[in-house]
Amino acid sequence: MSTAPQPVIARAADAERLAHAQRSVMTLLADSSATGGALSVTRSTFPDGGDGAPSHFHTAASESLFVIAGRLQVLTGDEVVVLEAGDFVSIPPGLPHAFGAAKGSDADVLAVFTPAADRFDYYRLLERVVAGEADPAEIPASGQQYDNHYVASDAWVRARA
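Residues numbered from 1 in each chain as written. Predicted model: local features only at pLDDT ≥ 70, side-chain atom pairs only at ≥ 80, totals over all residues. Heavy atoms only, no water.

(A) Examining the environment of Tyr 146 more closely. As for its position among the elements, Tyr 146 is in helix H3 (residues 143–146). For the pair Tyr 146 and Leu 65, spaced 81 residues apart in sequence, the C-alpha to C-alpha distance is 18 Å. Setting aside its immediate chain neighbours within four residues, Tyr 146 contacts Asp 118, Arg 119, Asp 121 and Tyr 122. (Helix = DSSP H or I, 4+ residues; strand = E, 2+ residues; numbered from the N terminus. Contact = heavy atoms within 4.5 Å.)

This is the structure:
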């Protein structure tokens with residue numbers, strides 16, 4: 001007898017929250033292990049002009065961002081755009097991208113990776129590094145495990161200056 005698929009329900013009141021530098025908060029909603037590898041979902045809030053993620057790419061997953069509120073500055077390849085509340089972008093595997101709240105605005109963003117590897121431990125690692133509890137060298141060393149590969153971007157550096 002097979003088991004019917006079950007929904008994944010993430011209640012805001014019960015979700016794990018990670019507080020990063022600059023008052024950013026990430027809410028962990030559903031990881032790959034809970035969705036059968038289909039997706040990984042987080043919600044992040046970034047303060048006015050606050051950084052989200054530096055320039056990076058994923059080899060297997062598309063990363064999609066939906067702006068719930070505020071304005072989000074996003075690098076896609078060599079282009080920098082500002083997304084407003086209600087806007088959406090899907091970034092295919094291999095395309096360098098970065099994001100953060102636009103200057104003069106907070107940003108509330110839903111991020112979805114598909115297909116996904118488990119990523120929540122990566123976000124927990126970032127929190128430990130910010131808190132001084134882990135070596136920053138662990139971040140690039142974990143690139144293969146979490147499919148997160150950092151790359152330099154002059155366009156992003158200029159846009160965030």
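(B) The arrangement of the layout of surface pockets in detail. Reported here for the largest pocket is a volume of approximately 630 Å³. Elements that contribute at least two residues to the lining of the largest pocket include exactly strand S2 (25–30), strand S3 (40–46), strand S4 (51–57), strand S9 (107–114) and helix H1 (120–130). Here the residues of the lining of the largest pocket sort into 18 nonpolar, 10 polar and four charged. (1 Å grid on protein atoms, 1.4 Å probe; cavity = no way out; pocket = protein on both sides within 12 Å on 5 of 7 lines; lining within 4 Å. Points joined across faces, edges and corners; volume = space filled by probe spheres on them. Nonpolar A, V, L, I, M, F, W, Y, C, P; charged D, E, K, R; others polar.)

(C) Layout of the pairing of strand S6 (residues 79–84). Strand direction decides the pairing type here: strand S5 (residues 62–76) and S6, joined by six bridges, are antiparallel. The residue of S6 that forms the bridge with Arg 71 is Glu 84. The loop that links S5 with its antiparallel partner S6 comprises two residues; one of these, Gly 77, has a positive phi angle of about 70°. (Pairing = 2+ DSSP bridges.)

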